[in-house]
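# Working through the structure, step by step
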Number of protein chains: 2
Amino acid sequence: MLQSKLIGDTKKEWPSEAVIKSHGLLLKGGYIKQMASGIYTLMPLAKKVVAKIENIIREEMNKIGAQEILMPLVATRKLWDIAGRYESVGSELLRFKDRTDTEMVLSMTHEEATVFTLLNEGATYTKYPFTVYQIQTKFRDEARPRAGLIRVREFTMKDAYSFHTSKESLDEEYDKFFNAYMNIYKRVGIPEVIPVYSDTGMMGGSGAHEYMLLCDAGEDKIVVCNNCNYSANMEVAYTDDIEAFSKVEENQEKIYTKDITTIDELQQTLNIDKRGIGKAVIYERLDTNETIIVFIRADRDVNETKLRNLLKIDDEDLVPKKQEENSSIVYGFVGPIGIDAKNTTVVYDISLKNEKSLVFGANEKDYHIKGVSMSRDLKDVTYHDVSKILESDACPICNKHELKISNGIEVGNIFKLGSKYTKAFNMTYLDENGKISTPIMGCYGIGVGRLMASIVEARATDKAMNWPVSIAPFDIHICAIDYTKSQDIKEKADEIYSKLQELGYDVLLDDRNKSAGVKFADSDLVGAPVRVVVSPRNIESNMFEIKVQGKEEATLVKEDELYEYIKDSINRLKEEVEA
Amino acid sequence: MLQSKLIGDTKKEWPSEAVIKSHGLLLKGGYIKQMASGIYTLMPLAKKVVAKIENIIREEMNKIGAQEILMPLVATRKLWDIAGRYESVGSELLRFKDRTDTEMVLSMTHEEATVFTLLNEGATYTKYPFTVYQIQTKFRDEARPRAGLIRVREFTMKDAYSFHTSKESLDEEYDKFFNAYMNIYKRVGIPEVIPVYSDTGMMGGSGAHEYMLLCDAGEDKIVVCNNCNYSANMEVAYTDDIEAFSKVEENQEKIYTKDITTIDELQQTLNIDKRGIGKAVIYERLDTNETIIVFIRADRDVNETKLRNLLKIDDEDLVPKKQEENSSIVYGFVGPIGIDAKNTTVVYDISLKNEKSLVFGANEKDYHIKGVSMSRDLKDVTYHDVSKILESDACPICNKHELKISNGIEVGNIFKLGSKYTKAFNMTYLDENGKISTPIMGCYGIGVGRLMASIVEARATDKAMNWPVSIAPFDIHICAIDYTKSQDIKEKADEIYSKLQELGYDVLLDDRNKSAGVKFADSDLVGAPVRVVVSPRNIESNMFEIKVQGKEEATLVKEDELYEYIKDSINRLKEEVEA
């Protein structure tokens, strides 16, 4: 198309609201327009990219036999009550009433809707397994939408749901999705995405992976072992082997530590390593008003996801406890010895397990206790893994100390869901022996807009989009310098434009009355894999400058070699992506 | 695909909730599943049909240079306040609050969103005209969702918006859409759709067409002239020439009509034609609490759309007035002579204009007045067209009396919107002379799900879908009788299935363990344009029964002619649709 007609004006300046690259470039390039907090319009360039991404996803889903359906965004409270999520999900589930005062929600996921839709589809075992998917609008009322398309409220998602009569069948389907997802990331130009073990949380599933693009803009923390490639979300990453720091038992001794209420102060005052101190982290759970005290070695932090899973606490119900007047808790001096545990859950992290001589609070103002031996002084304690892994920890798989913690963007997830929803909806089938059984499910998601933004994070520079040929908004961008001033340029550019379109390429021709500088800057933002420059400098010798993605330098090509050169270049780029 | 795997079980019985054909067949055939009132899931068959319809729409939109975007469903009240529609639209606009108590809506249309999105796109006249479209989810909280996909609450719509610097440019674009829409209806298999003049209502536009599929299931009333092809929605249909019934003036005479409060009784008692009576129709407008009395000839009914437009009353604010105690209105005896018009708007319909001797109520219990001459007795009256056209009326274009009123389903609309929204948003551009001007807009809609249902209404029988080849869920349906019992049948059916897929067709193979009767009934519901029957009766002679859409009889074809025959048949069907 002619660039003078393209909707989506570019901006000269970096948008001040954008902190990360994809947010800034998508705004600057006229790809997106913010309509409200976390709510965006996709402009023509973005819509073209997204449509191509969706088609790749669709192809990979169809290839593994998933059938496309379309479920509604708006659902009744009644539907969401059946598995209890109307109550259990926090305020990210948007609830409202329709004109008849019926309670409704905007669906943020479709487990309930899928089971309801397919309730009578799998009446006998012969129909199984089956899988449906949709590419559809979701709404999630995020407390803090951020980073452009990375964390939004309204978004398009590919979500798939599979139904099975056995764990083996679910495992098989899970593997199919595992591979289909890797294909998708490769085909959209980010083969570096890695699958990591992830939290199955309150969903009650039996296994889950998240697909992570490692990059600074990510808000997830990912642990990767450089030796064996073990990778996991921090939420679930673990180590089997925390070496004890205090290996020799000592006698308990109460010490006077006036006003020493922090680990740092204690460490300095006593001149010991943090590993020699046990700390108390104090939470409140809002659903029961109970206090939760976690004892953990002071060099480590509490992994709240692990803690929530252990105690079965919803996301929003676990909060740090604020210091209260007249509390039985002696803030700054809390320890396991002699603690008043009324209406309190006490959790001991595994990091303490083998310690023979720790410093803990004495539950008395201005006092600590030295020489606490866990095995000697706290005999009946059960230990749980509720701590965040450290880079210095041993890999749980290969035991090497080569863990690295990176930021990552989650660009997809797959999940062995089990029978939570089929049970709740009383979905059943007759098995081979005529027995009534409950199918089990898997669920599989990819956020389309976030995937596009992640591709930008991975591939773009601060100025240039660098779309892979598989999803670029245009295959070829013709930058015609002086198009509006030089008849020669116009004629030649028009001719090349027509010929390339006849060859089946999607071509953008910059026919605008703009300077070369503006044209090149905008061309970087369009990010087509091939750029053809028609310029006064080279037109007399009938030469054209062609810049192909991935090549450092532009090449001057004669007119009679132009089309062959472009064809070869694009084919090679396609092979690279699809290989 | 294999039919044993297809999600969307067919039902044996006609669904009891379905009154119209499309609703019943789509449910019976496993195309749709109701999730809530007016909210449906599209199952795989429907999703396939809808995807093909959307692609046809997309092609026709791209062909006329419209650029695809994607705007969000959720919008802020703030956006909807700018042109006043947050207040003016009734409760079909679903309003709610998000987690931060911000007032939001579910968009039922996107004029506001489009103007906001493109506010800075058309800064100078050189950028114009430009047009965007989207194929996107909408929500309209209908008071009475009905008839399956005909009137729903959540739906997918193609909506387009064009921007212009002159009326001529808008007219040109309007014509492009006019033709593109006719192409779309032809390509999806309902070339009989007609454009009719329609109401521009409160939108303030200068011209509008609706595209109507005439059929009994329609809820709109359409007037078509069999002589000149004038066609219009009843809401706007008019006649220029209502012949006066009472042509001779008589003296006024008050007559005693005890308890005669209806037109029928009056007509019988006085033994006169309805045309000799003037009636009063009494409304209340809820926004101002005013009473509205419409005087109209008794053979005609009030067209409430015309009345609302005349008095600028919102849809929901005009209601029939209930009879009240102690009212100054003498119900059953209301007439224009001596009426107490306090806090009352009186409207005279044009049907009265030339009448010389009418019977009217006397505004006194049990009395009417005979011999009312409009020109003599009600001199200062202005007449307005607020009546429904009758089949007996003269066509406003050719003046022939050949009008016919039919039911129709609206399957699209195009609308010259003017500057209502660009003005409200202060969208401006610099014209050729550097003057700041306001662009004008057109808007253009097609509901995708309703279009699919309308195609069923137009083309299906009570048992068979009969999809056009352009949008059928499968090109070819192989009904293999005894597939699970006869190895010969299975091998041959599998072979044909593979070969047809290799030829590029989308093929459904009925591999189920079902009777021939069930297979044929289900095949009718799938509605593929070509059906191949592999049956024990014919397989020994290597013959296959092929039923091609539009042909009365099936044909027996030998194996070596099979593929050529199918190819020719499908090509011919394609030509018929695309011609």
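Predicted model only: the values in this text are computed from it and were never measured.

For the rest of this paragraph, the subject is the overall build of chain A. Secondary structure assignment for chain A yields 15 helices and 29 strands. Taking the principal axes of its C-alpha atoms as reference, chain A extends roughly 95 × 65 × 50 Å. Within chain A, the fraction of its 579 residues that count as buried is 48%. Pairs at least 24 apart in sequence give 73% of the contacts found in chain A among residues at least 6 apart.

All names here are of chain A. Here the amide bond leading from Tyr128 into Pro129 is cis, since omega sits at -10°, within 30 degrees of zero. Summarising the element assignment, Pro129 is placed in the loop between α5 (111-117) and β7 (130-139). At Asn542, a position not held by glycine, the phi torsion is positive, near 55°. Within the element layout of this structure, Asn542 appears in the loop between α14 (536-539) and β28 (543-548). A tally of 12 C-beta atoms within 10 Å means that Asn542 is categorised as exposed.

Counting 266 residues, the largest nonpolar core has Met452(A), Ile478(A), Met452(B) and Ile478(B) as the members making the most contacts within it. Residue contacts for Ile478(B): discarding those within four places in its chain leaves Ala493(B), Ile496(B), Tyr497(B), Val507(B), Leu509(B), Asp510(B), Val532(B) and Val534(B).

Here we take up the domain arrangement of chain A. Residues and elements named next belong to chain A. Its domain assignment divides chain A into domain 1 (19-223 + 405-458), domain 2 (253-384) and domain 3 (476-578). The C-alpha centroid of domain 3 is placed 39 Å from the C-alpha centroid of domain 1. Partitioned by chemical class, the residues of the side of domain 1 that touches domain 3 number 2 nonpolar, 2 polar and 2 charged.

A separate point is helix α15 (residues 559-578) of chain A. Compared with an ideal rise of 1.5 Å per residue, which puts 20 residues at 28 Å, α15(A) spans 29 Å between its outermost C-alpha atoms and is within 8% of the ideal. All of the buried residues in α15(A) are Ile566(A), Ser569(A) and Leu573(A).

Take the pairing of strand β1 (residues 32-36) of chain A next. Pairing of β1(A) with strand β2 (residues 39-42) of chain A involves 4 bridges; the strand directions are antiparallel. Bridge pairing in β2(A) links Ala36(A) to Ile39(A).

Residues and elements named next belong to chain B. Two numbers describe how helix α2 (residues 44-63) lies on helix α6 (residues 167-187): the axes approach to 10 Å, and their chain directions differ by 155°. In terms of orientation, α2 and α6 fall into the roughly antiparallel class. Considering how the two elements wind past one another, α2 and α6 form a crossing that is right-handed. The residues of α6 that touch α2, namely those facing Ile56, Ile57, Glu60, Met61 and Lys63, are Ala180, Asn183, Ile184 and Arg187. Grouping the amino acids of the contact of α2 with α6 by side-chain chemistry returns 5 nonpolar, 1 polar and 3 charged.

The next point concerns the interface of chain A and chain B. At the interface, 41 residues of chain A touch 41 residues of chain B. Of all elements in the fold, only β1, β2, α2 (44-63), β3 (67-68), β4 (74-76), β5 (94-97), α5 and β7 of chain A reach the threshold of two or more residues within the side of chain A that touches chain B. Its residues assigned to classes, the side of chain A that touches chain B comprises 24 nonpolar, 7 polar and 10 charged.

Both copies of the chain are related by one operation, a rotation about an axis with a shift along it. With an axial shift of 0.0 Å and an RMSD of 0.1 Å, the rotation relating chain A to chain B amounts to 180°. Both copies are brought into coincidence by an operation consistent with a two-fold rotation axis. Nearest to the rotation axis, the C-alpha of Phe96(A) is located 2.9 Å from it, this being the minimum over chain A. The overlap is high: 100% of the interface residues of chain A also sit at the interface in chain B, so the same surface is used on both sides.

Turning our attention to the sheet that holds strand β26 (residues 507-510) of chain A. Residues and elements named next belong to chain A. If you trace the 5 strands from one edge of the open sheet to the other, you get β26-β25-β27-β28-β29, paired in mixed fashion. Each of the sheet's edge strands pairs with one partner strand only, and the pair in question is β26 and β29 (555-558). Put simply, the sheet's adjacent strands are angled 25° from each other on average, direction ignored. Judged from the 4 bridges that link them, strand β25 (residues 476-480) and β26 form a sheet pairing that is parallel.

Residues and elements named next belong to chain A. Of all 10 residues in β7, 9 are buried, a share of seventy percent or more. Note: β3 against β7, 2 bridges, orientation parallel. Along β7, the bridge assignment pairs Gln67 with Val132. Relative to strand β8 (residues 154-164), β7 runs antiparallel, the two being bridged by 10 bridges. Within the sheet, the bridge partner assigned to Lys138 lies in β8 and is Phe155.

A few words on the environment of Val372(A). Residues and elements named next belong to chain A. Mapped onto the elements, Val372 comes out in strand β19 (residues 367-372). As a C-alpha pair, Val372 and Ser88 span 284 residues in sequence and 40 Å in three-dimensional space. Once residues within four sequence positions are removed from consideration, Val372 is found in contact with Gln252, Gly278, Ile337, Ser357, Leu358, Phe360 and Asp377.

Before going further, it helps to examine the packing of α2(B) against helix α11 (residues 448-459) of chain B. Two quantities define a packed helix pair, namely the angle between the helix axes and the distance between the axes. Residues and elements named next belong to chain B. Here α2 crosses α11 at 105°, and the two axes come no closer than 10 Å. Put simply, α2 runs roughly perpendicular to α11. Along its contact with α2, which presents Ala46, Val49, Val50, Ile53 and Glu54, the element α11 presents Val448, Gly449, Leu451 and Met452. Residue composition of the contact of α2 with α11, by class: 7 nonpolar, 1 polar and 1 charged.

Whether parallel or antiparallel, the strands of a sheet pair through hydrogen bonds between backbone atoms. Residues and elements named next belong to chain A. Here we have 3 strands laid out as an open sheet, ordered β13-β19-β18, and antiparallel in their pairing. Single-partner strands in this sheet number two, and they are β13 (253-256) and β18 (358-364). Adjacent strand axes in the sheet meet at a mean angle of 35° when their direction is disregarded.

So, on to α6(B). All names here are of chain B. In a regular helix each residue adds 1.5 Å, so 21 residues correspond to 30 Å; α6 covers 30 Å between its end C-alpha atoms and thus fits that length. All of the buried residues along α6 are Leu170, Glu173, Tyr174, Lys176, Phe177, Ala180, Tyr181, Ile184, Tyr185 and Arg187. Around the axis of α6, the buried residues are gathered within 165° of arc, so they sit on the same side. Set apart from the buried face of α6 by more than 90 degrees, the exposed residues are Glu168 and Asp175. Taken from the residues just after α6, Gly189 is the one with a positive phi, measuring 100°.

Another point: the environment of Ala143(B). Residue and element names in this part refer to chain B. Checked against the element boundaries, Ala143 lands in the loop between β7 (130-139) and β8 (154-164). The class for Ala143 is exposed, based on 12 C-beta atoms found within 10 Å. Separated by 105 residues in sequence, Ala143 and Gly38 have C-alpha atoms that sit 9.8 Å apart.

Right, let's talk about the environment of Cys395(A) for a bit. Residue and element names in this part refer to chain A. Turning to its location among the elements, Cys395 is positioned in the loop between β20 (383-384) and β21 (403-418). For Cys395 and Lys370, which are 25 residues apart along the polypeptide, the C-alpha to C-alpha distance reads 31 Å. Setting aside chain neighbours within four positions, we find Cys395 in contact with Cys225, Asn227, Cys228, Tyr230, Lys400, Glu402 and Leu403.

Conventions used here
Residues numbered from 1 in each chain as written. Chains lettered and ligands numbered in written order. Predicted model: local features only at pLDDT ≥ 70, side-chain atom pairs only at ≥ 80, totals over all residues. Helix = DSSP H or I, 4+ residues; strand = E, 2+ residues; numbered from the N terminus. Buried ≥ 20, exposed ≤ 12 C-beta atoms within 10 Å, placed from the backbone. Contact = placed C-beta atoms within 7 Å. Core = buried A, V, L, I, M, F, W, Y, C linked by C-beta atoms within 7 Å. Domains from an automatic or database assignment. Nonpolar A, V, L, I, M, F, W, Y, C, P; charged D, E, K, R; others polar. Expected span 1.5 Å × (residues − 1). Pairing = 2+ DSSP bridges. Axes fitted to C-alpha atoms, helices over the stretch in contact; angles between N-to-C directions. Parallel < 35°, antiparallel > 145°, perpendicular 65-115°, else oblique. Left-handed = near helix turned anticlockwise from the far one by under 90°. Least-squares fit on C-alpha atoms with pLDDT ≥ 70 in both. Arc of directions from axis to C-beta.

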